[in-house]
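The primary structure of each chain is shown beneath.
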Number of protein chains: 2
Amino acid sequence: MTLKLYRILGLTLAALCSLPSLKAQTIQAYIKQNDKKLMEEYIRFLSIPNVSTDTVNIRKNAVFIKDMMTSRGIKAELLTGTTPEVTPAVFGEIKTPGANKTIGFYAHYDGQPVNPKQWYAGVEPFKPVLITGAFENGGKIIGPYKSGDAVNPDWRILGRGSADDKAGVMAIINAYDALVKTGQRLNANIKFLFEGEEEVGSIHLDEVFKQHKAKLQADCWIIIDAPRHASGKKTIVYGVRGDVNMALTVYGAKRPLHSGNYGNWAPNPALKLAQLLASMKDEQGKVLVKGFYDDVTPLTASEKKALAQIPNQDEILKKELGVNTPEVAGRSIVESIMQPTLNINGLHSANVGPMASNVIPTKAEAVLDLRLVKGNDHKKQAEKVIAHIKSKGFQVLDREPTEEDRSKHPNLIKVEVEHGYNAQRTPMDLPIAKSIQTAVQSTTKEPLVLIPSMGGSLPLYLFEEILNTKVVTVPIVNYDNNQHAENENVKIQYLWEGIETIAAIMQLK
Amino acid sequence: MTLKLYRILGLTLAALCSLPSLKAQTIQAYIKQNDKKLMEEYIRFLSIPNVSTDTVNIRKNAVFIKDMMTSRGIKAELLTGTTPEVTPAVFGEIKTPGANKTIGFYAHYDGQPVNPKQWYAGVEPFKPVLITGAFENGGKIIGPYKSGDAVNPDWRILGRGSADDKAGVMAIINAYDALVKTGQRLNANIKFLFEGEEEVGSIHLDEVFKQHKAKLQADCWIIIDAPRHASGKKTIVYGVRGDVNMALTVYGAKRPLHSGNYGNWAPNPALKLAQLLASMKDEQGKVLVKGFYDDVTPLTASEKKALAQIPNQDEILKKELGVNTPEVAGRSIVESIMQPTLNINGLHSANVGPMASNVIPTKAEAVLDLRLVKGNDHKKQAEKVIAHIKSKGFQVLDREPTEEDRSKHPNLIKVEVEHGYNAQRTPMDLPIAKSIQTAVQSTTKEPLVLIPSMGGSLPLYLFEEILNTKVVTVPIVNYDNNQHAENENVKIQYLWEGIETIAAIMQLK
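A quick note: this is a predicted structure, and the numbers were derived from the prediction, not measured.

## What about the interface of chain A and chain B?
- Contacts between chain A and chain B engage 96 residues on the former and 96 residues on the latter.
- Here chain A meets chain B over a buried area of about 8,200 Å², counting both sides, of which 53% is carbon and sulfur.
- The salt bridge partner of B:Arg255 is A:Glu136, with a shortest N-O separation of 2.8 Å.
- Where chain A packs against chain B, one counts 55 residue pairs in polar contact (both at pLDDT 80 or more).
- Per-element tally for the side of chain A that touches chain B: the top contributor is strand β13 (residues 343–350) of chain A, with eight residues.
- Tallied by class, residues from the side of chain A that touches chain B come to 38 nonpolar, 36 polar and 22 charged.
- Across five bridges, β13(A) lies against strand β13 (residues 343–350) of chain B in antiparallel orientation.

Written out as structure tokens, the structure is:
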């Protein structure tokens with residue numbers, strides 16, 4: 001077709017330039033020819049339980065990945081730290097003759113804890129099954145994938161880790177393999193790093209980085225994790241939020257009390273916890289903890305522009321999620337995630353449902369999740385919450401209360417601050433950042449979604465602080481993947497497109 | 001000893017009159033001779049699971065009780081209602097020649113649900129064991145009671161129902177038996193009624209009463225349930241609180257959401273529930289629901305006097321329970337229970353502890369327990385709470401929300417009001433009430449504790465409304481019995497004293 005014809009068809013030159021490149025089409029064809037083999041291996045990978053704390057199985061995953069790499073000609077090894085408890089990260093490297101650039105690819109192979117009872121009836125988190133679509137949209141279970149079955153890219157794979165983040169591992173390794181098998185050349189050195197402790201806060205990643213600093217040098221590390229934008233468009237993310245969790249336990253009487261005999265007299269820890277949590281955030285979604293928003297680094301002009309261009313999916317999301325009004329009415333989701341959060345992850349006190357009984361509970365627990373943005377310090381942010389708790393008349397303990405604590409203080413709370421880390425944000429205008437953008441754009445005719453910072457958290461500050469390299473995130477999975485929850489799933493088409501995207505970045509000059 | 005000598009010893013005439021009567025001493029001796037037999041049978045009774053909803057086992061309990069009665073010469077039968085789902089109540093009757101009075105004795109044989117995981121390690125709720133004392137005071141497990149073992153009355157029996165309220169059943173039946181075996185005469189007709197649905201709100205007691213109204217006639221029914229006063233003194237209670245439970249479920253998005261990707265945007269149902277609960281009661285323990293205290297019937301002069309004479313155990317209780325300040329600072333426990341309550345029985349949303357994950361939960365649940373005093377109507381009280389919930393901007397549903405509910409309303413809550421009933425209070429000055437007081441006083445040298453209304457709930461209004469009889473409660477078990485919770489236990493000495501107390505009332509003229 002001539003340019004004129006394109007104009008007649010209403011296509012602009014910009015759109016023409018962003019048609020998938022010939023290289024991307026080659027990779028697509030390769031995937032189509034090999035989809036059964038890719039599926040079969042991925043199902044085997046997902047069948048190995050990967051809860052971060054399940055040390056026996058988590059190591060089986062590491063070995064599986066190493067074997068995946070070795071069988072594709074990637075020299076791989078397990079990296080540990082200086083202490084024996086480090087779950088090994090899997091490292092691999094491809095040296096390209098004449099390359100003047102090194103690009104690293106990171107994903108994590110561990111997953112969040114699972115409570116099988118919460119999953120769709122009959123589904124076990126580590127026995128992946130195919131489903132026709134998301135359950136909330138009427139998706140049905142097809143059954144396990146059997147070797148040799150035809151693969152429908154509209155289907156999804158249901159299982160822990162399917163999206164977060166074994167998808168990253170499989171897409172990175174297979175992107176390299178696809179390039180090799182289709183005879184395409186690399187321009188850069190490629191490094192691979194697959195972590196097994198991300199879901200417990202990457203507690204030893206600093207140790208691994210310090211121990212293997214030279215090995216892990218790169219111009220930029222590409223993080224393959226998290227979901228693509230809800231519009232379905234390919235996405236690049238230049239930063240992540242930091243995160244710190246806090247576990248709160250408010251104490252009542254030493255033993256459970258009959259709510260009739262002691263009601264109105266014995267303090268109720270569930271009420272005290274409710275009052276405390278209610279004091280932390282108002283009904284307009286504003287966190288009331290003093291100084292909570294004080295340290296936030298303002299957005300740059302490029303970041304503001306990128307935010308404004310992100311397709312607004314809020315109405316679609318509201319409908320799909322059954323939400324009438326967001327937490328902060330009138331603020332879009334992309335604006336929301338540029339702020340620090342205070343989220344209640346879970347609440348528990350005595351029993352509800354059939355197990356409920358008429359008691360005044362002995363304790364009430366909540367887990368808080370504080371997401372941090374550029375400028376926040378995780379320790380300082382947790383301290384602000386602790387100061388707030390103290391301001392509400394609580395005696396803050398780091399252990400169960402003693403008899404003396406109980407006799408001295410009307411309000412007792414145990415606060416456990418878990419391992420946290422800070423946010424990270426790479427300037428969008430850096431040459432390497434722009435090259436990545438060009439590579440990803442070469443695989444799709446749709447405009448990209450460029451996000452200054454994702455809502456989720458990864459300890460990416462470590463790449464900057466210890467390795468002194470840049471870091472950019474390229475998410476590949478569907479946004480409605482239930483990551484971190486029951487019924488986690490990945491749409492197969494997104495896996496294939498993920499492979500294409502990564503292959504394009506691997507060819508970056 | 002002469003009266004003079006008593007005076008020298010500092011004993012007043014009143015105290016002299018209140019020494020245990022000869023009859024009571026006879027019963028004491030009988031129990032001592034038969035304690036092993038009593039224990040052995042009670043342990044067998046406690047070994048039959050008695051959760052109200054466990055229909056198979058609950059009927060085994062009824063049959064066991066009937067056999068206990070029959071073997072002691074009490075004609076017993078199972079009473080049902082007009083509908084087939086009624087758990088049978090066990091009824092028995094002893095006609096005394098020449099008696100001009102009928103006294104009925106009520107207890108219930110069903111128990112609260114059990115969560116074995118919450119019980120002391122290794123203990124199963126329906127495999128009773130002996131313990132040396134309350135766990136919170138360093139009590140240790142001795143082991144199961146073996147037939148023929150010596151019985152230490154300072155020990156406790158640990159198991160569901162041991163205190164609430166199989167203790168009542170065993171004490172009533174054995175009190176009658178002790179009178180017969182020691183050759184003492186009865187003055188009144190005696191009736192027995194043992195219910196199996198008390199812990200689910202006596203949902204068919206009205207049906208049973210209506211069906212067997214003539215059979216259940218008595219001058220007064222004595223309720224053997226609930227704990228003696230915390231001072232350990234023998235106790236008579238003239239009323240009970242009513243009760244109604246409400247289950248609340250606040251809804252968030254349709255699926256669990258990653259707290260990083262959606263935090264600050266997706267509404268958090270755990271926060272909304274916390275805000276709602278916090279709005280119901282202030283930090284001084286005052287319920288903020290409009291009109292919550294409006295219908296309360298004021299106390300009479302006798303009731304006020306009785307309240308003032310109840311030994312104040314608050315400082316001891318505070319120490320024992322590890323409570324620094326009661327919910328309403330400066331108000332005693334006996335004053336507290338003369339008011340209606342709003343208690344949080346349980347809270348639940350997603351997970352805490354090792355299962356916690358970084359999600360925005362889909363729902364948050366609470367169970368509320370509203371205790372009612374004389375004057376309150378259970379339906380009206382629940383309506384006041386519902387009106388409060390509506391005033392906080394919630395759309396109140398009686399089912400899960402539909403798509404339409406979700407699209408229309410920002411705040412959705414399901415409210416399930418469970419079966420409730422009203423309070424009951426018998427005037428303390430009635431002749432029958434005074435006779436009971438004299439009988440109980442004859443078994444102890446300590447002054448009695450007379451309580452206008454207990455904190456707990458029993459559907460005693462049914463005795464007044466359907467049977468048109470008076471009703472008075474005589475609690476027999478230790479107050480620190482963990483009833484309704486894990487590690488429920490009864491002190492053996494209290495069982496023995498319960499038998500003595502009931503035997504004395506059975507001899508009332």
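## Let's talk about the environment of A:Gly92
Residues and elements named next belong to chain A.
- Inspection of the secondary structure assignment puts Gly92 in strand β2 (residues 89–94).
- Using a relative accessible area of 0% as the deciding quantity, one classes Gly92 as buried.
- The spacing of Gly92 and Tyr120 is 28 residues in sequence and 37 Å in space, taken between C-alpha atoms.
- Among residues more than four places away in sequence, those in contact with Gly92 are Met69, Ile74, Lys75, Ala76, Ile190, Lys191 and Phe192.

## A closer look at the relation of the copies chain A and chain B
- Note on the identical chains: chain A maps onto chain B by a rotation of 180 degrees and an axial translation of 0.0 Å, with an RMSD of 0.0 Å. Look at the turn and shift together and you get a two-fold axis relating the two.
- By residue overlap, the copies meet face to face through one surface: 100% of the interface positions of chain A are interface positions in chain B.

## A short note on the layout of surface pockets
- Considered as a void within the structure, the largest pocket measures approximately 1,400 Å³ in volume.
- In terms of lining residues, the largest pocket is bounded by 46 residues, among which A:Asn115, A:Gln118, B:His348, B:Ala350 and B:Asn351 are the most central.
- Listed by contribution, the elements that provide at least two residues to the lining of the largest pocket are β13 of chain A together with β13 and β15 (363–372) of chain B.
- By residue number, the principal contributor to the lining of the largest pocket is β13(B), which donates four residues.
- For the lining of the largest pocket, a count of residues per class yields 19 nonpolar, 15 polar and twelve charged.
- Of the volumes computed, that of the second largest pocket is approximately 830 Å³.
- Around the second largest pocket, the lining is made up of 49 residues, and of these A:Glu199, A:Val200, A:Asn245, A:Glu418 and B:Ala356 lie nearest the centre.
- Of all the secondary-structure elements, those providing two or more residues to the lining of the second largest pocket are β11 (242–251), β15 (363–372) and β17 (412–417) of chain A.
- In terms of residues, the lining of the second largest pocket owes the most to one element, β11(A), which gives seven residues.
- When its residues are assigned to classes, the lining of the second largest pocket shows 18 nonpolar, 19 polar and twelve charged.

## A short note on the sheet that holds strand β5 (residues 141–143) of chain B
All names here are of chain B.
- On the basis of which strands lie adjacent, the open sheet formed by four strands has the order β5-β4-β6-β21 and antiparallel pairing. Each end of this open sheet is capped by a strand with a single partner; those strands are β5 and β21 (489–491). Neighbour to neighbour, the strand axes of the sheet diverge by 30 degrees on average, direction disregarded.
- Bridge analysis of strand β4 (residues 129–131) against strand β6 (residues 156–158) gives three bridges, and the strand direction is antiparallel. Bridged to Leu130 within β6 is Ile157.
- Those strands touched by helix α3 (residues 22–46) are β4, β6 and β21, and its axis lies near 20 degrees from that of β6.
- Its contacts with the sheet put helix α16 (residues 492–506) on β4, β6 and β21, and the angle it makes with β21 is roughly 65 degrees.

## Comments concerning the side chain of A:Asp314
- Looking at where A:Asp314 falls in the secondary structure, it is placed in helix α10 (residues 314–321).
- Salt bridges are absent for the buried A:Asp314, whose nearest opposite-charge side chain, A:Lys318, sits at 7.0 Å.
- Among the polar contacts listed, one links the side chain of A:Asp314 to the backbone nitrogen of A:Ile333, at a separation of 3.0 Å.
- A polar side-chain atom of A:Asp314 sits 3.3 Å from a polar atom in the side chain of B:Trp265.
- When sequence neighbours within four positions are dropped, the list of residues in contact with A:Asp314 reads A:Arg331, A:Ser332, A:Ile333 and B:Trp265.

## A closer look at the packing of aromatic side chains
All names here are of chain B.
- Using the criterion set out here, one finds 20 aromatic pairs over all chains in the structure.
- Summarising the aromatic geometry, the rings of Tyr120 and Phe135 are spaced 3.9 Å apart at their centres and angled 15 degrees between planes, so their arrangement reads as stacked. Of this pair, Tyr120 sits in the loop between β3 (102–108) and β4 while Phe135 sits in the loop between β4 and β5, and the two are 15 residues apart along the sequence.
- Overall, Tyr120 belongs to the partly exposed group, its relative accessible area being 36%.
- Ring geometry for Phe209 and Phe463: centres 4.8 Å apart, planes at 70 degrees, overall edge-to-face. Here Phe463 lies in helix α15 (residues 461–467) and Phe209 lies in helix α6 (residues 205–211), a separation of 254 residues in the sequence.
- Classification of Phe209 as buried rests on a relative accessible area of 0%.

Calculation rules
- Residues numbered from 1 in each chain as written.
- Chains lettered and ligands numbered in written order.
- Predicted model: local features only at pLDDT ≥ 70, side-chain atom pairs only at ≥ 80, totals over all residues.
- Heavy atoms only, no water.
- Contact = heavy atoms within 4.5 Å.
- Buried area = accessible area lost by both parts, 1.4 Å probe.
- Salt bridge = Lys/Arg side-chain N within 4 Å of Asp/Glu carboxyl O.
- Polar contact = N/O pair within 3.5 Å; in protein donor to acceptor, adjacent residues only side chain to side chain.
- Helix = DSSP H or I, 4+ residues; strand = E, 2+ residues; numbered from the N terminus.
- Nonpolar A, V, L, I, M, F, W, Y, C, P; charged D, E, K, R; others polar.
- Pairing = 2+ DSSP bridges.
- Buried < 20%, exposed > 50% of the residue type's maximum accessible area, 1.4 Å probe, protein only.
- Least-squares fit on C-alpha atoms with pLDDT ≥ 70 in both.
- 1 Å grid on protein atoms, 1.4 Å probe; cavity = no way out; pocket = protein on both sides within 12 Å on 5 of 7 lines; lining within 4 Å.
- Points joined across faces, edges and corners; volume = space filled by probe spheres on them.
- Axes fitted to C-alpha atoms, helices over the stretch in contact; angles between N-to-C directions.
- Lys, Arg positive; Asp, Glu negative; His and termini not counted.
- Phe/Tyr/Trp six-rings, centres within 6.5 Å; stacked < 30°, edge-to-face > 60°.

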